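Reading the structure
The residues making up each chain are set out below.
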Amino acid sequence: MKKYFKLIIAAIIALIFIGTFVFLWRKSQPKEVQYSEFTTGTDSIRKTTIITGKIEPRNEVYIKPQISGIIAELYKEPGQYVNAGDIIAKVKVIPDMAQLSSAESRVRLSDINLKQVETDYSRTKNLHDQKLVSDEDFEKARQQLKQAQEENAAAVDALQVVRDGVSKSNASASSTLIRSTISGVILDIPVKVGNSVINSNTFNDGTTIAVVANMQDLIFRGNIDETEVGQLAIGVPMKITIGALQDLQFDATLEYISPKAFESNGANQFEIKAAVTVPSDGKIRSGYSANAEIVLDEANDVLCVPESAIEFIGDSTFVYLVKGEGQLKTFERQAVVTGLSDGVNIEIKKGLEKNQKVRGPQIITDDDQNE
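1. Considering the overall build of the chain
Check the secondary structure of the chain and you find 5 helices and 21 strands. Per-residue burial for the chain yields a buried fraction of 30% across its 371 residues. Pairs at least 24 residues apart make up 71% of the contacts formed inside the chain by residues separated by at least 6 positions.

2. A closer look at the pattern of salt bridges
Counting across every chain of the model gives 13 salt bridges. With a shortest N-O distance of 2.5 Å, R221 and E56 are connected by a salt bridge. Of this pair, R221 sits in strand β11 (residues 218-225) while E56 sits in strand β2 (residues 41-57), placing them 165 residues apart in sequence. Accessibility expressed as a relative area gives 11% for E56, which makes it buried. The network of salt bridges with common partners includes K54, E56, R221 and E271.

3. Focus: the packing of aromatic side chains
Counted by the stated rule, this structure contains 0 aromatic pairs. Lying over the aromatic face of F331, R359 brings its terminal NZ or CZ to 5.1 Å of the ring centre.

4. Quick notes on the sheet that holds strand β10 (residues 210-213)
Adjacent strands of a sheet pair through backbone hydrogen bonds, lying either parallel or antiparallel. An order of β3-β10-β8-β5 is seen for the 4 strands of this open sheet, with the pairing classed as antiparallel. The sheet is open, and its two edges are formed by β3 (60-63) and β5 (81-82), each paired on a single side. For β5 and strand β8 (residues 184-188), the ladder comprises 2 bridges, and the chain directions are antiparallel. Bridge pairing in β8 places V82 opposite G184.

5. Looking at the sheet that holds strand β6 (residues 87-93)
Strand order in the open sheet made by the 4 strands is β7-β6-β4-β9, with antiparallel pairing throughout. In this open sheet, the two strands that pair with only one neighbour each are β7 (177-179) and β9 (196-197). Across 5 bridges, the pairing between strand β4 (residues 69-74) and β6 is antiparallel. If you follow I70 over to β6, its bridge partner there is K92.

6. Section: the pairing of strand β16 (residues 289-306)
Bridge count between β2 and β16: 13 bridges; the pairing is antiparallel. Counterpart to I50 in the pairing with β16 is E293. Two elements, strand β12 (residues 237-242) and β16, share 4 bridges in a ladder whose sense is antiparallel. Residue pairing across strands places M238 opposite I294, the latter belonging to β16. For β16 and strand β20 (residues 345-350), the ladder comprises 3 bridges, and the chain directions are antiparallel. In the strand pairing of β20, C304 is matched with E347.

Conventions adopted
- Residues numbered from 1 in each chain as written.
- Predicted model: local features only at pLDDT ≥ 70, side-chain atom pairs only at ≥ 80, totals over all residues.
- Heavy atoms only, no water.
- Helix = DSSP H or I, 4+ residues; strand = E, 2+ residues; numbered from the N terminus.
- Buried < 20%, exposed > 50% of the residue type's maximum accessible area, 1.4 Å probe, protein only.
- Contact = heavy atoms within 4.5 Å.
- Salt bridge = Lys/Arg side-chain N within 4 Å of Asp/Glu carboxyl O.
- Phe/Tyr/Trp six-rings, centres within 6.5 Å; stacked < 30°, edge-to-face > 60°.
- Lys NZ or Arg CZ within 6 Å of the ring centre and 35° of its normal.
- Pairing = 2+ DSSP bridges.

It is worth stressing that arrangement in space is one thing and function is another; only the former is reported here.
Next comes the structure, spelled out in structure tokens:
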């Protein structure tokens, strides 16, 4: 019994040894290298670039008050359309005490002067009626009266403007009523009722009451790398895509390329602007993120092959032509002159003809990956 057991163990060991030897021998044998193959044909090649940017109005107008004060009323809300001249808000004036005092003093002086001139005019008129004063002197007295009355009215108006922000003589053009200077959509009203506002002067830009823009005149603003900007030209068409609107796409035309670069993340960038063809549905809002696709170069109906079939050696390019079939298949090296590439296909300017077979990259199997 023990003898048979030993024979069985020996047989198992022999089988394992033989199996291992066969496995290693088979693994050591060279495998046939297989390559993908392509047939040359004509196609159109376009080299494009994608620029990330945003949609915004060409001009945003900041509406500011002409006087300082407190917001008393707001008549409009963001998103509403306004015409030029429409009232957006009303400002209650908080008068400057120095200006108020000066204006009141001017009114008192003009009152005193007017009373004196009225007395002089009355006296001159009586003498003129008695033929004791010449017509010339009477006309001078009347002229002085008119001037004194005008000065008094101007002083009263100035006091009303300082105190109330508006006078009776210019109530229709009151500076307390903040009006839109253009027709468009109100993008923002950054103030609330009760907020203090100041007018623009030498020392500050003034408080913005509202931001208004024409939403029918939009632009795409983005940045392009210095390696690609040289291939752009004014008037180039673009395709704008807004991902937030279910990939809404519309046309644009490049109209501005910055003459000066700026550094961004270690790379030189150039700002570009493109006039947007606004869709009629009016869904676009200011500030949407968008992508612009620009065609940098294109070649139509040209002979091309996949770029993976090209062998690059220095400044030279080659392909391998497929010759024969089956076991007789060979690959013949052929120099070619390449042209435009879109990253997938590449134009062949010289060295190949249509419907020729060329070798592609090696086919990698699962066994190759496991090795």
